[in-house]
Amino acid sequence: MPAHRIGILGCGARGRAFAAAVAALDATELIVCVDADRSDAQALAGEFGGQAVTSWADQALDTLIMAVPRQDAASMQAATQAGIHVLVDPPLARGVVEARRIARAVERRPARVGVAFEWRFQPLVRLLRAVVPRPRFAHLVTAVDAGPPQAPVSVRDSCWTTPHHALDLLMHLFGEAPAEIVADGGPLPAPTQGPATVVVPPRADALVAELYFDRERHAALTAAGGGADPEFGSVVLDLTDGKTRVRVWSNWTAAEILPLDGRSVDPPWLPGLRLEREDRAWMAHAEHEGQALADLVLAFADGAPGGVSVPGAADGARAVALTRAVLAGAASGRTQTLRAA
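Residues numbered from 1 in each chain as written. Predicted model: local features only at pLDDT ≥ 70, side-chain atom pairs only at ≥ 80, totals over all residues. Heavy atoms only, no water.

Turning next to the nonpolar core. Counting 47 residues, the largest nonpolar core has Leu140 and Leu237 as its most contacted members. Looking at this core, the element that brings in the most residues is helix H6 (residues 152-174), giving 8 residues. Filtering out sequence-adjacent residues up to four positions away, Leu237 remains in contact with Leu128, Ala138, His139, Leu140, Leu169, Leu173, Val246, Arg247, Val248 and Trp252. (Core = buried A, V, L, I, M, F, W, Y, C linked by side-chain atoms within 4.5 Å. Buried < 20%, exposed > 50% of the residue type's maximum accessible area, 1.4 Å probe, protein only. Helix = DSSP H or I, 4+ residues; strand = E, 2+ residues; numbered from the N terminus. Contact = heavy atoms within 4.5 Å.)

This is how it looks when you write it as structure tokens:
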């Protein structure tokens, strides 16, 4: 079978991560590296292969990965109309109306759109979904890079993108969007440029939100300002169904599986993980850094037969709506209720 032909639009740090993932797979081939700055495209192509170009148009591609800071809806629609699948680096859009418009526009195109929420593809996430298929409570704590004081844009971007990935993961774990959100926080000063006012929580506990799925199932999210905890890393997830508790930390590299009430548990052996038993508990360790992004690219190229499917445009729009609701709740201190996220 011929390799799945991939082009990468955007040759910055995120484009480089995708290029490394594509190069690590036998089933995919990097065809073009696309960037308005040809030197960036040439640097990426020189390291991972493919041709450096300034436009993806008229290229023989199966998939275009859009790894740019702001997604170009026109390019996305043009690619899907031409039969090229598109894998979008989140977010799909920065506004709810635009995200839903994009989702509707590409719904009936001949090619599909995927949103690269790579946290779903972490090997430890696959393990905890097998061990706790229906969680009752989860608490996700993640570090938000506050950025230098003289660069408020970095603060706004990190306080948007990190919770964006975290909220998608919680929806993935619970299998639905929350019915109600209760969030707390306060606004940063308005940006000095542009007509829009953007507010994000500025406190050390930058964002605290409770997500209620139903009367018995809910999750909590804390997006803490500053760097990651040196002991636990940038992601700490605590999840339980009342019978088993799973804790994930150290930036998705380690987890503890603890059966409750004197029970025992036999976790499945999954690729990319190493399991060690410690009394009644199990310790799980991820063996390969960067495996999640490679697994996501492969799932999108193959259509994820028998595996986790890549979120689509509708999922991306739902995550945008949820993130905006949480940030609005954090800025206003008012409860946000989602009736149709």
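Let's pick the thread back up.
Moving on, we get to the environment of Ala314. For Ala314, the position within the fold is in helix H8 (residues 313-332). For Ala314, a relative accessible area of 45% corresponds to the partly exposed category. Here the alpha-carbon distance between Ala314 and Val113, two residues 201 residues apart in the chain, equals 9.3 Å.

Let us now look at the sheet that holds strand E2 (residues 28-34). Within the open sheet, the 6 strands sit side by side as E3-E2-E1-E4-E5-E6. Their pairing is parallel. In the strand order of this sheet, the two ends are held by strand E3 (51-53) and strand E6 (113-115), each with one partner. For this sheet, the mean inter-axis angle between neighbouring strands, taken without regard to orientation, is 25 degrees. Inspection of the sheet shows strand E1 (residues 4-9) paired to strand E4 (residues 63-66) by 4 bridges, in the parallel sense. Looking across to E4, one finds that Ile8 is bridged to Ile65. Helix-sheet contacts for helix H2 (residues 38-48) involve E2 and E3, and the interaxial angle to E3 is about 170 degrees. (Pairing = 2+ DSSP bridges. Axes fitted to C-alpha atoms, helices over the stretch in contact; angles between N-to-C directions.)

Turning next to the pattern of salt bridges. A side chain of one charge can pair with a side chain of the opposite charge when the charged atoms of the two come close. In this structure the tally under the stated criterion is 12 salt bridges. Notably, a salt bridge pairs Glu118 with Arg14, separated by 2.4 Å at the nearest N-O pair. Separated by 104 residues along the polypeptide, Glu118 in the loop between E6 and helix H5 (123-131) and Arg14 in helix H1 (residues 13-23) bring together distant segments of the chain. On the accessibility criterion, Glu118 (15% relative accessible area) is buried. Glu176 is paired through a salt bridge with Arg217; the nearest N and O atoms lie 3.1 Å apart. With Glu176 in the loop between H6 and strand E8 (180-184) and Arg217 in the loop between strand E9 (207-212) and strand E10 (218-225), this residue pair connects regions lying 41 residues apart in the sequence. What you see here is one network of salt bridges that share partners, running through Arg14, Asp89 and Glu118. (Salt bridge = Lys/Arg side-chain N within 4 Å of Asp/Glu carboxyl O.)

The next thing to look at is the side chain of Thr80. As for its placement among the helices and strands, Thr80 is situated in helix H3 (residues 73-81). If near-sequence neighbours (up to four positions away) are discounted, Thr80 is found in contact with Val86, Val106, Arg109, Pro110, Ala111, Arg112 and Val113.

Two aromatic rings, taken as a pair, are described by how far apart their centres are and by the angle between their planes. For the structure shown, the criterion picks out 3 aromatic pairs. Centroid distance Trp119 to Trp252: 5.5 Å. Interplanar angle 65 degrees. Geometry classified as edge-to-face. Residue Trp119 is found in the loop between E6 and H5, and its partner Trp252 is found in the loop between strand E12 (244-249) and strand E13 (254-259); the two are separated by 133 residues along the sequence. A centroid spacing of 4.3 Å and a plane angle of 5 degrees characterise the contact between Phe174 and Phe213, whose relative ring orientation is stacked. Of this pair, Phe174 sits in helix H6 while Phe213 sits in the loop between E9 and E10; the two residues are 39 residues apart in sequence, bridging distant segments of the chain. Residues Phe174 and Phe213 agree in their burial class; the two are buried. When the ring centre of Phe300 is taken as origin, the NZ or CZ atom of Arg112, which lies over that ring, is 4.4 Å away. (Phe/Tyr/Trp six-rings, centres within 6.5 Å; stacked < 30°, edge-to-face > 60°. Lys NZ or Arg CZ within 6 Å of the ring centre and 35° of its normal.)

Looking now at the packing of H1 against helix H7 (residues 291-302). Where H1 meets H7, the closest approach of the two axes is 8 Å, and the angle between their N-to-C directions is 70 degrees. When the axes of H1 and H7 are compared, the pair comes out roughly perpendicular. Contacts between H1 and H7 involve Arg14, Ala17, Phe18, Ala21 and Val22 on the former and, on the latter, Leu293, Ala294 and Val297. (Parallel < 35°, antiparallel > 145°, perpendicular 65-115°, else oblique.)

Let us look at the side chain of Gln71. Looking at the element boundaries, Gln71 is found in the loop between E4 and H3. For Gln71, a relative accessible area of 17% gives the class buried. Reaching out from Gln71, the side chain makes a polar contact with the backbone oxygen of Val68 at a distance of 3.5 Å. Within the structure, the side chain of Gln71 is placed 2.8 Å from the backbone oxygen of Asp89, a separation counted as a polar contact. (Polar contact = N/O pair within 3.5 Å; in protein donor to acceptor, adjacent residues only side chain to side chain.)

The values reported here are purely geometric and, on their own, carry no functional implication.
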